[in-house]
Amino acid sequence: MLKVIECILWAIATIFIIYSGIYYTFKLKFVQFRIKDMIKNLCIKSKSNISPFESLMLVLGGRIGVGSIAGIALSIYLGGVGSIFWIWIIGILSAPSSFAETVLGVIYQNKTKNEIYGGPSYYLKKGLNNNKLSKLYALIIIFSYIGGFLSIQANTITISITTYLNIPKILVGIILGLISFYIILGGIKNITNVSKYLVPIMTLIYVLSSIVILICNLDLIPNILILIFEEAFNFKALGFGVLGNMMIGIQRGIFSNEAGLGTGAIAASSVETQYPASQGFVQMIGIYITTFLICTSTAMVILSSDINNINIINGIELTQKAFIYHIGTLGNIIVVISIILFAFSTVLSGYYDGESSLKFLFPKINNKTLFILKILVFIVIVTGSIMEANIIWNIVNILTALLSIINIYAILKLKSKVKYELERYNKYGKMK
């Protein structure tokens, strides 16, 4: 029953996300191709405690998850080689939605003495004057991220470690819980400080390892690229052809880059800037890093290996086998380390979103209550490390589909605000 509900909701969410991407692509005059503005605004100074670069790293910590490894491998296995082309397409198409939700998050951000918060809950309340939907969005974030994603990521890290080391799962869970608790105890700024070092390091480890493998197999790359484009439009493949690899590629692309869910706008809105559009440009970088660096690296390493002799339907195992095929035991170590780092960065980002949403629901919440939340996070991580994650995955997928539907509805209703801010940036901000 849960699987049926999940499929229906994600079918609706996918249509919403694709429509929003196409609409904003034309509405904002192909804003996703303004690479120069993205790089320029990444380096500007912020009036707040969090810089554009730090906010990008925090958002990337959530975007770059295990789905960038396991999800892409499964996309190839289930949807064929051509699904990679559609992952690229949805990355390009969804970037304007990321721009729009970030701009709105900054416009309607809530400023206190020490912190700045924003995101879908705020523009649902202030922009659309819809208190019910704003509270529902915040509640779903708390349940799906604090209760769900943290548990799932803890489970993933534990399995990755205990598969190769004879360590009790509960011990891994306790250690992971204590490290997470120590970091989140320092508050939002401490989480951001850790993310700004952790995310670049984990990205470099994975991408550079993939590049070394691809350089060693440079002669295979042209044929792989040709195959991706050919299979993307192969009407005879798999019995349902282009439609099959298109839908699987699009869905996996959405799962990996999270554009359209609105979650990226929560951390992105923590930056104080004169032009909200400038922060929108910065956050589109995250979509491209996730799609064209992490996901594409995974795909190319797998496709340059002997996957015809690898009969595995588990995405992580398929990626591990591909890395082992190329560089032996070192490849397995790199994948395991990457999985641990990717999952841990998602834990930190997920907690940030959860705390921000809790503060939206209870603006006067005190530090003692937040301390209880942090204790709860420790318990969730320890529990998640020893339990089965399948049922939690189904529930989280349903909740994230709802997040997407609510968020896309909001950013489309507030389209005039997004358009105005881009025009204001074009007129005044580009001269800065």
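Residues numbered from 1 in each chain as written. Predicted model: local features only at pLDDT ≥ 70, side-chain atom pairs only at ≥ 80, totals over all residues. Heavy atoms only, no water.

A.B. asks: Can you break down the side chain of D37 residue by residue, with the values?
C.D. replies: Residue placement: D37 occurs in helix α2 (residues 35-42). Taking relative accessible area as the criterion, D37 reaches 9% and is therefore assigned buried. Of the polar contacts made by the side chain of D37, one reaches the side chain of R34; its length is 3.1 Å. A polar side-chain atom of D37 sits 2.7 Å from a polar atom in the side chain of Y425. (Helix = DSSP H or I, 4+ residues; strand = E, 2+ residues; numbered from the N terminus. Buried < 20%, exposed > 50% of the residue type's maximum accessible area, 1.4 Å probe, protein only. Polar contact = N/O pair within 3.5 Å; in protein donor to acceptor, adjacent residues only side chain to side chain.)

A.B. asks: Any chance you could break down empty space enclosed by the protein for me, citing the residues and the numbers?
C.D. replies: Inspection of the entire model under this criterion finds 2 cavities of 30 Å³ or more. Put simply, the largest cavity is a space of about 70 Å³. If you go around the largest cavity, the residues you meet are V59, G62, R63, Y145, E258, T263, G264, A267, T346, S349, G350 and D353. When contributions to the lining of the largest cavity are tallied by element, the ones reaching two or more residues are α3 (52-63), α12 (263-268) and α15 (329-361). (1 Å grid on protein atoms, 1.4 Å probe; cavity = no way out; pocket = protein on both sides within 12 Å on 5 of 7 lines; lining within 4 Å. Points joined across faces, edges and corners; volume = space filled by probe spheres on them.)

A.B. asks: Residues and numbers for the packing of α15 against helix α16 (residues 367-386), please.
C.D. replies: Axes are the key here: two packed helices are described by the angle between their axes and the distance separating the axes. Between α15 and α16, the shortest axis-to-axis distance is 12 Å and the interhelical angle comes to 145°. You can see that α15 and α16 cross each other, and the crossing is right-handed. Residues V347, Y351, E355, L358 and K359 of α15 touch α16, and the partners they reach there are L370, L373, K374, V377 and I381. The residue makeup of the contact of α15 with α16, split by class, is 7 nonpolar, no polar and 3 charged. (Axes fitted to C-alpha atoms, helices over the stretch in contact; angles between N-to-C directions. Left-handed = near helix turned anticlockwise from the far one by under 90°. Contact = heavy atoms within 4.5 Å. Nonpolar A, V, L, I, M, F, W, Y, C, P; charged D, E, K, R; others polar.)

A.B. asks: Let's hear about the pattern of salt bridges: which residues, and what values?
C.D. replies: Scanning the entire structure with this criterion turns up 8 salt bridges. The salt bridge partner of E54 is K196, with a shortest N-O separation of 3.2 Å. Here K196 lies in helix α9 (residues 187-216) and E54 lies in helix α3, a separation of 142 residues in the sequence. Classification of E54 by relative accessible area gives buried; the value is 6%. Under the relative-accessibility criterion, K196 is labelled partly exposed at 21%. E423 is the partner of K419 in a salt bridge, and the nearest nitrogen-oxygen pair spans 3.8 Å. Placement of the pair is K419 and E423 together in helix α18 (residues 415-427), with a separation of 4 residues, close to one helical turn. Exposure remark for K419: the relative accessible area of 19% places this residue in the buried category. Exposure remark for E423: the relative accessible area of 42% places this residue in the partly exposed category. Through salt bridges with shared partners, one network takes in E54, K189 and K196. (Salt bridge = Lys/Arg side-chain N within 4 Å of Asp/Glu carboxyl O.)

Note that every value here comes from positions in space, so none of it alone points to a role or purpose.
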